[in-house]
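In case you want the letters, here they are:
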Amino acid sequence: MSHITLDCIGLPCPQPVLRVKDALEQGARQIEVLVDNQASKNNILRFAQSQGHTTASPDHPGGCFAILVTAADGPGQQIDDLATYRCETPAAPRLVYVISSDSMGRGSEELGWALLQTYIQTIKEIKPLPDKILFYNSGVKLVTAASGALNVLEQLQDQGVEILVCGTCLDFLQLKSAMRVGQISNMYAIMDAMASADKLVSPF
């Protein structure tokens, strides 16, 4: 076995590194490795170089990465911890939607109410889903029995989206008994959700 190609496209870390390691142990002298993400490429380069092998990263068409590993003379070093070659998955950004009114845009209140319900219904089609949706002031009307967005809000809640509703606002508008989805919250929790969010989105 002298020259081989390893197609590691789609393989999670550390499998590309393991395949390179196995090929070297079986006698491969030159290995072309194909991967589809920067983390796998970096891990293979780091592994090969730590073993004293020569590496190159020629251009490869199709949005993939090609790594050429040329084996060094003599056995490679023992790998003590393969966990170091696992790809770190970045944490999903904390996305928070803020609904603070019962009308989207200026002009007709009836049209604004209809637009806002459509806006809420569209949230489930946009990726990533939010971490939280905050409702306060007259926006709390969206979680009541009169809202046409209840079905979507229930679906979002079932998918893990946290729906926080201002309790003071519900009391002021006398809507607490009409609330159908979400959990009653307070200003501290609402402010904390905003402060800890990576991104706030609002239709207003």
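Presented here is an overview of the structure given in this document. (Residues numbered from 1 in each chain as written. Predicted model: local features only at pLDDT ≥ 70, side-chain atom pairs only at ≥ 80, totals over all residues. Heavy atoms only, no water.)

So, the packing of helix H1 (residues 15-25) against helix H2 (residues 38-50)
(1) Moving on: Where H1 contacts H2, the axes come no closer than 9 Å and their chain directions differ by 35°. The chirality of how H1 crosses H2 is right-handed. Note on element contacts: H2 touches H1 through Ser 40, Asn 43, Ile 44 and Phe 47, opposite Pro 16, Val 17, Val 20, Lys 21 and Leu 24.
(2) Moving on: Here the residues of the contact of H1 with H2 are counted per class, giving six nonpolar, two polar and one charged. (Axes fitted to C-alpha atoms, helices over the stretch in contact; angles between N-to-C directions. Helix = DSSP H or I, 4+ residues; strand = E, 2+ residues; numbered from the N terminus. Left-handed = near helix turned anticlockwise from the far one by under 90°. Contact = heavy atoms within 4.5 Å. Nonpolar A, V, L, I, M, F, W, Y, C, P; charged D, E, K, R; others polar.)

Let's talk about the environment of Ser 100
(1) Moving on: Following the sequence through the fold, Ser 100 ends up in the loop between strand S5 (95-99) and helix H3 (109-123).
(2) Moving on: Relative accessible area serves as the criterion here: at 22%, Ser 100 is assigned to the partly exposed category.
(3) Moving on: A sequence separation of 38 residues divides Ser 100 from Ser 138, and the C-alpha atoms of the two residues are 6.3 Å apart.
(4) Moving on: When residues no more than four places from it in sequence are discounted, the contact partners of Ser 100 are Tyr 136, Asn 137, Ser 138, Gly 139 and Phe 204. (Buried < 20%, exposed > 50% of the residue type's maximum accessible area, 1.4 Å probe, protein only.)

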